[in-house]
Amino acid sequence: MPGFDYIVDSHCHLNYKGLVEDQAAVVSRARASGVGCMLAINTKLTEYQEIVAIIDQYDDIYGSVGIHPHEAENEPDVALDALISRSAHPKIVGIGETGLDYYYDNAPRDMQQVNFLAHIAAARDTGLPVIVHTRDADDDCINILASEMKKGGFTGVIHCFTASQYLADAVLELGFYISISGIATFKNARDLQNTVKTIPMERLLVETDAPFLAPVPHRGKTCEPAFVMDTARFVADLKGVTFDELQDHTTRNFFSLFNKAVPPKRTLAA
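Remember, it's a predicted structure, so these values are computed and weren't measured experimentally.

Participant: Explain the overall build of the chain to me, please; I cannot follow it from the model alone.
Facilitator: When its secondary structure is counted, the chain shows nine helices and eight strands. Within the chain, the fraction of its 270 residues that count as buried is 58%. Taking all contacts inside the chain whose residues are at least 6 apart in sequence as the whole, residues at least 24 apart take part in 76%. Carbon and sulfur atoms form 50% of the exposed surface of the chain, whose accessible area is close to 11200 Å². Charged side chains in the chain number 23 positive and 36 negative. The centres of these two groups are separated by 4 Å.

Next comes the structure, spelled out in structure tokens:
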């Protein structure tokens, strides 16, 4: 089977300040660098139409629908049918981002959990993967995912993974994928780097989380999807594989998980 000759930024925020002001140029630079597909992430239902406007404009950009845990108090009345109905758009391929953030606690934890459960239910109903943000909430995240999995299967990814080996092992056992951001390139991320080495290539994704978390050598700059190439090269070195192998696996994994997305025809290498 021919390999993919491009990489996917599996998580970016193209409607956020820092990228939206020069969105066309940001997309152009990503394409020129070798990024063949991007996933634009929704964090507020009130901004869902911004995501739709982006994915309707660009053939190689897909989107998600969801409410970030930080917004669980600001958008408390999330209904299952609101997520499901918005997911019907042909280029909405994931549910989220959702999850738990006990580091900032920008929303009460019980509201974050209710929000998380609604997204999992939507993922189960639609068959789309759930995109999970989790920080300082390993036990509750694992317990919720494991408990909900017993009620009916669903797929998903832990995005911008920075947590423990314990969490990585638990979510891999549940069949989840793990996405690595530019944080892995930071000098003080030794524990994360060691965990990355243990993630099976068949479950690995890469992302920017742009405009946040620019990888080395771009630290201090506004992150953009083109920078996923630097993270990918670093992760390939960590795992002792070639860049081409890392690129092919992560791109193949993206389209396996987000199977509503269609790989652009031009992107398969001969």
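Participant: Honestly, the packing of aromatic side chains in this entry has me stumped. Any pointers?
Facilitator: Between two aromatic rings, the relevant description is the distance of the centres plus the angle of the planes. Overall, the coordinates contain seven aromatic pairs when judged by the stated rule. Ring centres 4.8 Å apart and planes at 85° place the aromatic pair Tyr103 and Tyr104 in the edge-to-face group. One aromatic cluster is present, built from ring pairs that chain together Phe4, Tyr6, Phe254, Phe255 and Phe258. Taking the ring centre of Tyr103 as reference, the NZ or CZ of Arg135 above it sits at 3.6 Å. The positively charged end of Arg219 is found above the aromatic ring belonging to Phe186, 3.6 Å away from the centroid.

Participant: So what exactly am I meant to see when it comes to unusual backbone geometry here?
Facilitator: Leaving glycine out, the prevailing phi sign among residues is negative, and the prevailing peptide bond configuration is trans. Going from Gly96 to Glu97, the amide bond is cis rather than trans, its omega being 25°. Checked against the element boundaries, Glu97 lands in strand β4 (residues 92–101). Omega for the peptide link from Val216 to Pro217 comes to 15°, which places this bond in the cis form. Looking at where Pro217 falls in the secondary structure, it is placed in the loop between β8 (204–206) and α8 (228–239). Although it is not a glycine, Cys160 adopts a positive phi angle of roughly 45°. Residue classification places Cys160 among the buried positions, given a relative accessible area of 11%. Residue Leu213 is not a glycine yet carries a positive backbone phi of 60°. Position of Leu213 among the secondary structure elements: in the loop between β8 and α8.

Participant: Mind showing me how you'd approach the packing of helix α5 (residues 138–151) against helix α6 (residues 165–173) here?
Facilitator: How two helices sit against one another is set out by the angle between their axes and by the gap between those axes. Two elements in contact, α5 and α6, have axes whose closest approach is 10 Å; the angle formed by their N-to-C orientations is 5°. On the basis of their axis angle, the class for α5 and α6 is roughly parallel. Contacts between α5 and α6 pair Asp138, Asp139, Ile142 and Leu145 from the former with Tyr166, Leu167, Ala170 and Val171 from the latter. Classifying every residue of the contact of α5 with α6 by side-chain character gives six nonpolar, no polar and two charged.

Participant: What is the right way to read the pattern of salt bridges from this model?
Facilitator: For the coordinates displayed, the defined rule picks out seven salt bridges. As a salt-bridge pair, Glu224 and Arg29 come within 2.8 Å of each other at their nearest N and O atoms. Of this pair, Glu224 sits in the loop between β8 and α8 while Arg29 is found in helix α1 (residues 23–33), placing the two residues 195 residues apart along the sequence. The exposure class assigned to Arg29 is partly exposed, which follows from its relative accessible area of 38%. Between Glu47 and Lys44 there is a salt bridge, with the nearest N and O atoms lying 3.6 Å from each other. When its relative accessible area of 17% is taken as the criterion, Glu47 is described as buried. By relative accessible area, Lys44 is classed as partly exposed at 25%. Shared partners join several salt bridges into a network, and the residues in it are Arg124, Glu148 and Lys151.

About the criteria used
Residues numbered from 1 in each chain as written. Predicted model: local features only at pLDDT ≥ 70, side-chain atom pairs only at ≥ 80, totals over all residues. Heavy atoms only, no water. Helix = DSSP H or I, 4+ residues; strand = E, 2+ residues; numbered from the N terminus. Buried < 20%, exposed > 50% of the residue type's maximum accessible area, 1.4 Å probe, protein only. Contact = heavy atoms within 4.5 Å. Areas by Shrake-Rupley, 256 points an atom, 1.4 Å probe, with all protein chains shown as cover. Lys, Arg positive; Asp, Glu negative; His and termini not counted. Charge placed at Lys NZ, Arg CZ, Asp CG, Glu CD. Phe/Tyr/Trp six-rings, centres within 6.5 Å; stacked < 30°, edge-to-face > 60°. Lys NZ or Arg CZ within 6 Å of the ring centre and 35° of its normal. Axes fitted to C-alpha atoms, helices over the stretch in contact; angles between N-to-C directions. Parallel < 35°, antiparallel > 145°, perpendicular 65-115°, else oblique. Nonpolar A, V, L, I, M, F, W, Y, C, P; charged D, E, K, R; others polar. Salt bridge = Lys/Arg side-chain N within 4 Å of Asp/Glu carboxyl O.

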